[in-house]
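Examining the three-dimensional arrangement
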Amino acid sequence: MKKLIVHMGAHRCASSATQALLRRNRGEIEAHNVALYLREDLASEVQKMAVNRLYEYRFWKPSSQMAVARISATLATLPADTILISEENLMGIMPGHLGHGFYEKFDQFCRALSRLKKAAEVHPRLIVRRQDNFIESAYGFRVAFGLREDFKDFAARFKPGEMSWHRMATAFERHGIDEHAKIDVLEAWPQDGKTDHLLRFLELEGLTLEGGGLRSGNSRFGEDGLSLLLAMNRTGMGLDIAWRRDVLFPALRKADKPTPELVQDLLGAGDDEIAVLKAALAMPMRFTFTGDERQALLSDLKAENARFLNHPLVGLSREVWA
């Protein structure tokens, strides 16, 4: 039977770096009889592999049944013995974005994956990180793409009772897709040999990786860069996302210390606009939890995280998140 490996995220857990590695080495991967599907492939209607909408699955809806049938039919016609899918939006929209909860449709996604077991042996793959680190990273990402909100208000969207990775591990079990499932924890990755660790996780051992191993993906900017970005968001400057990706982000990463003058040069902005930007930059900002806030959040999550780390699909010491 064919093997379907589904790397589903989570967001801000090395997903972009993973996909960049796979993209650079696509030729070698496919030469090893692996069909590779990344975000751009899933978005193509020609591919008929619309797994990126399975989190909307409802077993009683004909449209959901048809979607699963189309994917199953595509799997049957693929010449490759192994199919690898990597896309962090498979499990739903990034938490904290557009007011959505914490992967509230994950159970529906798992139910849909279980329906693919007739067409292939399903190998779910999930990488997570401690919830406080997740929130801080998600906030930095959203600021980079235009969020104006204070960190405290953003963090308040997340309720400890909802932020359960253990719930996702049990969803694999509940829907019968746990036999070949693996869950990894980002904080437990080795300091050396991260690329080999990832390849084993994705069942891609033995690749030479002429395209290179793991590099940084959508890495988080430092506090200076985030402060400048947040000030730009609040003053409505340079909000075009394509321009940010192509021009602003590379310039910020190269700069020793990002300054309003850098933005002025890039945008050709006038002195009055930059004066407003400097005023916004002078307002109080923070991008992480205070010590007390972090302690309170982790205290609320202590029992749930212990259950998760002790789960058979994880099997790590609770010291990983101490």
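In this text, all values refer to a predicted model and were calculated from it rather than measured experimentally. (Residues numbered from 1 in each chain as written. Predicted model: local features only at pLDDT ≥ 70, side-chain atom pairs only at ≥ 80, totals over all residues. Heavy atoms only, no water.)

A closer look at the pairing of strand E4 (residues 121-128)
Every regular strand shows the same layout, with side chains that alternate between the two sheet faces. We apply this condition: Only protein chains enter the calculation, and the probe is 1.4 Å; a residue is then buried if its accessible area is under 20% of its type maximum, exposed if over 50%, and partly exposed in between. The helix and strand labels rest on DSSP assignments: H or I over at least four residues marks a helix, E over at least two residues marks a strand, and numbering proceeds from the N terminus. Here the rule is simple: two strands pair whenever DSSP picks up at least two bridges between them.
When you tally the buried positions in E4, you get 7 out of 8 residues, the bulk of the element. As defined by bridge partners, strand E1 (residues 3-7) adjoins E4 across 5 bridges and the pair is classed as parallel. In the sheet register, Val-6 faces E4, and the bridge partner there is Pro-124. Pairing of E4 with strand E5 (residues 182-185), which is carried by 4 bridges, proceeds in the parallel orientation. Of the residues in E5, the one forming a bridge with Val-128 is Val-185.

Quick notes on the pattern of salt bridges
The following threshold applies: Put simply, a salt bridge is a Lys or Arg side-chain nitrogen that is within 4 Å of an Asp or Glu carboxyl oxygen.
The tally for this structure, following the rule as stated, stands at 19 salt bridges. The partner of Arg-294 in a salt bridge is Glu-136, with the nearest N and O atoms 2.6 Å apart. Here the residue Arg-294 occupies a position in helix H14 (residues 291-309), and Glu-136 occupies one in helix H6 (residues 131-144), the gap between them amounting to 158 residues. Look at Glu-136 and you get buried, because its relative accessible area is 6%. Between Glu-293 and Arg-286 there is a salt bridge; the shortest N-O distance is 2.8 Å. You can call Arg-286 partly exposed: its relative accessible area is 26%. Taken together, the salt bridges that share partners define one network made up of Arg-130, Asp-132, Glu-136 and Arg-294.

Side note on the sheet that holds E4
The condition that has to hold: In this description, a line fitted to the C-alpha atoms serves as the axis of each element, helices being fitted only across the stretch in contact, and the angle between N-to-C directions of two axes falls anywhere from 0 to 180 degrees. Two residues qualify as a contact provided that any one of their heavy atoms is within 4.5 Å of a heavy atom in the partner residue.
Taken in spatial order, the 5 strands of this open sheet run E2-E3-E1-E4-E5, and their pairing is parallel. Of all the strands in the sheet, the pair left with one neighbour each is strand E2 (34-37) and E5. Sheet twist, expressed as the average angle between the axes of neighbouring strands with direction ignored, equals 15 degrees. Packed onto the sheet, helix H9 (residues 194-201) meets E4 and E5 and runs at close to 160 degrees relative to E5.

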